[in-house]
Amino acid sequence: MERVAAALAEARALGLEVRAEADRLIVRGPRLYEPVAHRLLADKPAVLCLLHAEETEVVWRAAAMRPQCPRSGPIPLLQARPITAVDGACLSCGIPIETTRVPRCRFCVQAAQLVLREIRESIRGP
Ligand SMILES: [Zn+2]
């Protein structure tokens, strides 16, 4: 699993889009990185397992963030849980972050994007 996680991280760092659609594994990106894509596809069950685990991480965060969006007016910084900001930790959920470029972990970034997209596309109920 460690090896698969490393391969997935490598693919993403190269800018490849890797996602699951039901039981299909979708890898998109420049043809140049085809060998990287093939490595992931060769480990399809493990990669899908990893993607589903990530999905779970995003889902609970998005569920915590949705009620923080007011019906009107500015949207505050969405937080996955109440935590005290600490250097090197996600300021939304508190887990260690991989990069200091963004002060949130990628799960929180994805969850916030998901919630904001829902608002933009008005798919929330009344
Ligand atoms: Zn986080």
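As the structure is a computational prediction, the values presented were derived from the model and not from experiment.

## Digging into the pairing of strand 1 (residues 17-21)
Right, so step 1: Inspection of the sheet shows strand 1 paired to strand 2 (residues 24-28) by five bridges, in the antiparallel sense. Bridged to Glu17 within strand 2 is Arg28.
Right, so step 2: Two successive antiparallel strands, strand 1 and strand 2, enclose a turn made up of two residues, where Ala22 displays a positive phi of approximately 55°.

## Quick word on the coordination of the zinc ion
Right, so step 1: Coordination of the zinc ion by the protein involves Cys90 (SG), Cys93 (SG), Cys105 (SG) and Cys108 (SG), with metal-donor separations of 2.3 Å.
Right, so step 2: One way to put it: the four donor atoms around the zinc ion meet at angles of 104 to 116°, and that makes the site tetrahedral.

## Observations concerning helix 3 (residues 44-65)
Within an α-helix, residues lying three or four positions from one another point in the same direction, as the helix has 3.6 residues per turn.
Right, so step 1: Between the first and last C-alpha of helix 3 there are 31 Å, a value that for 22 residues agrees with the 32 Å anticipated at 1.5 Å per step.
Right, so step 2: Of all the positions in helix 3, only Val47, Leu48, Leu50, Leu51, Glu54, Val58, Arg61, Ala62 and Met65 are classed as buried. An end-on view of helix 3 places all buried positions within 155° of arc, on one side of the element. Every exposed residue of helix 3 that faces more than 90 degrees away from the buried side is listed here: Pro45 and Thr56.

## Concerning the layout of surface pockets
Right, so step 1: What the largest pocket holds in volume is close to 320 Å³.
Right, so step 2: Taken together, Arg12, Val18, Arg19, Ala20, Leu51, His52, Glu54, Glu55, Val58, Val59, Gln110 and Leu114 form the lining of the largest pocket.
Right, so step 3: Broken down by secondary-structure element, the contributors of at least two residues to the lining of the largest pocket are strand 1, helix 3 and helix 4 (106-120).
Right, so step 4: Among the elements that line the lining of the largest pocket, the one with the most residues is helix 3, at six residues.

Calculation notes
- Every residue gets a number counted from 1 within its own chain, in the order that chain's sequence is written.
- At least 70 in pLDDT is required for a residue's local features to be given in this predicted model, at least 80 for side-chain atom pairs to be given and counted, and no such filter applies to totals for whole chains, interfaces and linings, which use all residues.
- By convention in this description, side-chain values take in all heavy atoms of the structure and omit both hydrogens and water.
- The criterion for strand pairing is that DSSP finds at least two bridges linking the strands in question.
- Only DSSP runs of H or I with at least four residues qualify as helices, and only runs of E with at least two residues qualify as strands; both kinds are numbered from the N terminus onward.
- The rule for donors is simple: an N, O or S atom within 2.8 Å of the metal counts, and for Na, K and Ca the reach is 3.2 Å. Water is not among the atoms, so a site may look short of donors.
- Every geometry call rests on angle ranges, with four donors termed tetrahedral when all angles are between 85 and 135 degrees, four termed square planar and six termed octahedral when opposite donors are over 155 degrees apart and all others are between 65 and 115, and everything else termed irregular.
- Every helix has an expected span of 1.5 Å times one less than the residues it contains.
- Relative accessible area decides the class of each residue, using a 1.4 Å probe on protein chains only: under 20% of the type maximum gives buried, over 50% gives exposed, and in between gives partly exposed.
- In this description, the arc belongs to the directions extending from the helix axis to the C-beta atoms.
- Only protein atoms enter the 1 Å grid used here. Points where a 1.4 Å probe fits but cannot escape make up a cavity, open sets with protein on both sides within 12 Å along at least five of seven lines make up a pocket, and a residue lines them when an atom lies within 4 Å of a point.
- Grid points are joined across faces, edges and corners, and a volume is the space filled by probe spheres set on the points.

Geometry only, nothing functional implied.
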